[in-house]
Amino acid sequence: VIEGNRRPSSDMKALLYNFRRRPEVMAGIHTHQPYATAVGLGEDQLPPCLVTILDANRAAVNVAPFTISSDEGMGIAAIEHCGDALAVILRNHGVIAFGESIKEALHSAVYLEESAKCYATARAMGRPIPMLTEEEIAAETAPRGNYGQS
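The model shown is predicted, which means the values in this text are computed figures rather than measured ones. (Residues numbered from 1 in each chain as written. Predicted model: local features only at pLDDT ≥ 70, side-chain atom pairs only at ≥ 80, totals over all residues. Heavy atoms only, no water.)

A. Spotlight on the pattern of salt bridges. Inspection of every chain in the model, using the stated rule, returns five salt bridges. For Arg20, the salt bridge identified is with Glu72, shortest N-O distance 2.8 Å. In this pair, Arg20 is assigned in helix α1 (residues 12-21) and Glu72 in helix α4 (residues 72-82), connecting sequence segments 52 residues apart. What makes Glu72 partly exposed here is its relative accessible area of 32%. Measuring nitrogen to oxygen at the nearest pair gives 3.0 Å for the salt bridge that ties Arg58 to Glu104. Pair noted here: Arg58 is in the loop between α3 (51-57) and β3 (61-64) and Glu104 is in helix α5 (residues 102-124), with a separation of 46 residues, a long-range link. (Salt bridge = Lys/Arg side-chain N within 4 Å of Asp/Glu carboxyl O. Helix = DSSP H or I, 4+ residues; strand = E, 2+ residues; numbered from the N terminus. Buried < 20%, exposed > 50% of the residue type's maximum accessible area, 1.4 Å probe, protein only.)

B. Main features of the sheet that holds strand β4 (residues 87-90). Across the sheet, five strands lie side by side as β1-β5-β4-β3-β2; this open sheet has mixed pairing. Looking along the sheet, the strands with just one partner apiece sit at the ends: β1 (27-31) and β2 (45-46). Bridging between β2 and β3 involves two bridges; their strand directions are antiparallel. Its bridge partner being in β3, Gln45 is matched across the sheet by Asn62. Sitting on the sheet, α5 touches β1, β2, β3, β4 and β5 (94-99), and the angle it makes with β5 is about 140 degrees. (Pairing = 2+ DSSP bridges. Contact = heavy atoms within 4.5 Å. Axes fitted to C-alpha atoms, helices over the stretch in contact; angles between N-to-C directions.)

So, in structure tokens, the structure goes:
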């Protein structure tokens, strides 16, 4: 704890494991966001079907198998399943989002939830969901400026 009088998160062991294994990661956010968690109950991956997933998380977001809360195993599963993405969905639990800053980790978490909500809604319609092609994914993830924002 850097400041204040609160105890560290019960998931501290898992989060510290993530920091040790991904040195570029300077921030991690663990949430129990409902749509991403729901996707993790029925899927093994939130696929790259939206540009939002790619823009905020860099890749499809995988689902890690269930592990006991408050255990380093949760961090191990997260690292083993996150791949190149800035987030991983924890089956039967929630999400861990990563970033080089707290702003990037929060961006990952917020837009993961938005994407999961769109995906879950589309799945409920019962029709096939069009996926982005490898070429479209490469074009979307290629550096191309900042949309005019600073």
